[in-house]
Amino acid sequence: METKSESDSSRAAQGIRALFMLAFWIASRVALTIVVVLALFQLICSLVTRSPNDKIMRFGKNLGVYLSQIVDFLTYNTDQKPWPFQDWPRY
């Protein structure tokens with residue numbers, strides 16, 4: 001049986017996680033906006049130069065991995081918080 005202090009501690013941990021979840025949800029909305037901007041810029045680059053920009057492709061891949069990490073955290077598939085609590089994904 002849980003004691004009152006264990007119950008309070010568990011409730012506080014859940015409250016802290018909820019705050020992190022809110023922050024990462026907001027971060028995911030910002031990241032998705034960046035994806036749209038990158039996609040439009042990549043389209044323009046590919047129309048002008050006839051090939052996609054390698055740096056944008058790499059950053060887009062890393063951003064996609066970051067979004068995946070956020071989804072894993074939000075859905076309780078992991079307790080590891082994404083960047084800035086971990087290194088930025090590099091692929």
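Thresholds applied
Residues numbered from 1 in each chain as written. Predicted model: local features only at pLDDT ≥ 70, side-chain atom pairs only at ≥ 80, totals over all residues. Heavy atoms only, no water. Helix = DSSP H or I, 4+ residues; strand = E, 2+ residues; numbered from the N terminus. Buried < 20%, exposed > 50% of the residue type's maximum accessible area, 1.4 Å probe, protein only. Contact = heavy atoms within 4.5 Å. Polar contact = N/O pair within 3.5 Å; in protein donor to acceptor, adjacent residues only side chain to side chain. Core = buried A, V, L, I, M, F, W, Y, C linked by side-chain atoms within 4.5 Å.

1. Quick notes on unusual backbone geometry
Thought 1: Residue Pro84 is reached from Trp83 by a cis peptide bond, and omega for that bond is 20°.
Thought 2: Here Pro84 is to be found in the segment after α2 (54-74).
Thought 3: Here the phi dihedral of Arg50 falls at roughly 70°; this positive angle occurs in a residue that is not glycine.
Thought 4: Here Arg50 shows up in the loop between α1 (4-49) and α2.
Thought 5: Taking the relative accessible area as the measure of exposure, Arg50 reaches 71% and is therefore exposed.
Thought 6: One non-glycine residue, Tyr76, adopts positive backbone phi at about 65°.
Thought 7: Among the structural elements, Tyr76 can be located in the segment after α2.

2. A closer look at the environment of Arg17
Thought 1: Here Arg17 is to be found in helix α1.
Thought 2: With relative accessibility at 10%, the residue Arg17 sits in the buried group.
Thought 3: Spatially, the C-alpha atoms of Arg17 and Phe73 are 9.6 Å apart, while their sequence positions differ by 56 residues.
Thought 4: For Arg17, the contacting residues outside a window of four places in its chain are Phe73, Tyr76, Thr78 and Asp79.
Thought 5: For Arg17, the side chain forms a polar contact with the side chain of Asp79, separated by 2.9 Å.

3. Some details on the nonpolar core
Thought 1: Within the largest apolar cluster, ten residues are counted, these being Met21, Phe24, Ala31, Leu38, Ile56, Leu63, Tyr66, Leu67, Ile70 and Phe73.
Thought 2: Looking at this core element by element, the count peaks at six residues for α2.
Thought 3: The residues contacting Met21, other than those within four sequence positions of it, are Phe73, Leu74 and Tyr76.

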